[in-house]
Amino acid sequence: MTKPKIGDIWRYPYLWKREADASEEGGSKHRPTALSAVVPVSEKSTLLYLLPITGTEPTDSQDALEIPPTEIRRAGLSEYKRLWIILDEYNRDELEASFYFEPNASVGSFSKAFLKVMSARFAQAIREQRASIVNRKD
C-alpha cells in the first residue's frame with residue numbers, strides 16, 4: 001500500500017454532510033478527494049482528513065477552491081474539464097481501521113505550491129468554524 005500523505009488525491013466514497021444528516025452511512029459514489037491532513041495519533045492510528053473534489057460548480061454559499069488546469073493534470077484527473085475542492089466540509093477517517101479507505105485507490109497529487117493554498121484556505125475554514133466534519137472513524 002502507498003502510504004497516504006498530504007496533497008495526495010485518492011478515490012474515496014465521500015459522505016457529504018447532507019447524506020450524513022439523512023442517516024446515510026456510505027457515500028453515493030467513489031470520488032476524488034484531497035488529503036488535507038494526515039495525523040499520526042499513535043503507532044496504530046492515523047487520522048485522515050479528506051476534502052471532496054467535485055465537477056459541479058459550487059453555489060455562492062459554499063467555500064470552494066477551483067483547481068487550475070495544470071493541477072488537474074498533475075493530480076491525474078485529466079478526464080475532468082473543471083474541478084473544485086469543497087472547503088466547508090470534510091470527512092475524517094482512521095487509516096488502519098477504515099471500512100472505506102482503499103489502499104490502492106491513489107490517483108495522483110497536487111504540487112507543493114497548490115497544496116499550500118489549499119491548506120491555508122482549509123485551515124481558515126476550520127479556524128472560523130465554517131467547516132463541518134463527517135466522522136467516518138468508528
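Residues numbered from 1 in each chain as written. Predicted model: local features only at pLDDT ≥ 70, side-chain atom pairs only at ≥ 80, totals over all residues. Heavy atoms only, no water.

Novice: Got a sec to walk through the overall build of the chain? Specific residues and values, please.
Specialist: Along its length, the chain carries three helices and eight strands. Reading the helices (α) and strands (β) of the chain from amino to carboxyl end gives β-α-β-β-β-α-β-β-β-α-β. Relative to the globule expectation of 14 Å for 138 residues, the C-alpha radius of gyration of the chain, 14 Å, shows essentially globular dimensions. Projected onto its principal axes, the C-alpha coordinates of the chain cover approximately 35 × 35 × 30 Å. With 138 residues in all, the chain has 47% of them scored as buried. The long-range fraction of contacts in the chain, counting pairs at least 24 apart against all pairs at least 6 apart in sequence, stands at 69%. Roughly 7,600 Å² of accessible area belongs to the chain as shown, and the carbon and sulfur atoms make up 49% of that amount. (Helix = DSSP H or I, 4+ residues; strand = E, 2+ residues; numbered from the N terminus. Rg over C-alpha atoms; globule rule 2.2 N^0.38 Å. Buried < 20%, exposed > 50% of the residue type's maximum accessible area, 1.4 Å probe, protein only. Contact = heavy atoms within 4.5 Å. Areas by Shrake-Rupley, 256 points an atom, 1.4 Å probe, with all protein chains shown as cover.)

Novice: Explain the packing of aromatic side chains to me, and be specific about the residues and the numbers.
Specialist: In this description, an aromatic ring pair is defined by two values, namely the gap between the centres and the angle between the planes. Counted according to the given criterion, the structure contains six aromatic pairs. Here the aromatic rings of Y49 and Y90 are separated by 5.8 Å at their centres, their planes lie at 35 degrees, and the arrangement is tilted. With a gap of 41 residues between them, Y49 in strand β3 (residues 45-54) and Y90 in strand β6 (residues 89-94) connect regions that are remote in the sequence. Like Y49, the residue Y90 is buried in the burial classification. Within the aromatic cluster, the residues linked to one another by ring pairs are W10, Y12 and F101. (Phe/Tyr/Trp six-rings, centres within 6.5 Å; stacked < 30°, edge-to-face > 60°.)

Novice: Residue-level account of the pattern of salt bridges, with values.
Specialist: Taken as a whole and assessed by the stated rule, the structure comprises eight salt bridges. Note that R82 is salt-bridged to E66, the shortest N-O span being 2.8 Å. Of this pair, R82 sits in the loop between α2 (69-74) and β5 (83-86) while E66 is found in strand β4 (residues 64-67), placing the two residues 16 residues apart along the sequence. On the accessibility criterion, R82 (41% relative accessible area) is partly exposed. We classify E66 as partly exposed; its relative accessible area is 36%. Several salt bridges share partner residues, and in doing so they unite D63, R121, E128 and R130 into one network. (Salt bridge = Lys/Arg side-chain N within 4 Å of Asp/Glu carboxyl O.)

Novice: Can you tell me about the environment of R130, naming the residues and giving the values?
Specialist: Tracing the backbone shows R130 in the loop between α3 (112-127) and β8 (132-135). Each C-alpha atom of the pair R130 and L35 lies 18 Å from the other, and the pair is 95 residues apart in sequence. In contact with R130, other than residues within four places in its own chain, are D63, D88, Q124 and A125. Only 2.7 Å separates the side chain of R130 from the side chain of D63, close enough to count as a polar contact. At a separation of 2.7 Å, a polar atom in the side chain of R130 contacts the side chain of E128. (Polar contact = N/O pair within 3.5 Å; in protein donor to acceptor, adjacent residues only side chain to side chain.)

Novice: Give a detailed account of the nonpolar core, specifying residues and quantitative values.
Specialist: If you look at the biggest cluster of nonpolar residues, it comprises 23 residues, and the most contacted ones within it are I53, I67, I85, F110 and M118. Looking at this core, the elements that each hand over two or more residues are β2 (31-42), β3, β4, β5 and α3. Tallying contributions element by element places α3 first for this core, with five residues. Those residues within four positions of M118 in sequence are excluded, and the remaining contacts are A34, L35, S36, L51, L65, I85, L87 and F110. By size, the runner-up hydrophobic cluster in this structure holds 14 residues, among which are Y12, L50, W84 and F101. (Core = buried A, V, L, I, M, F, W, Y, C linked by side-chain atoms within 4.5 Å.)

Honestly, it's all geometry; don't read function into it.
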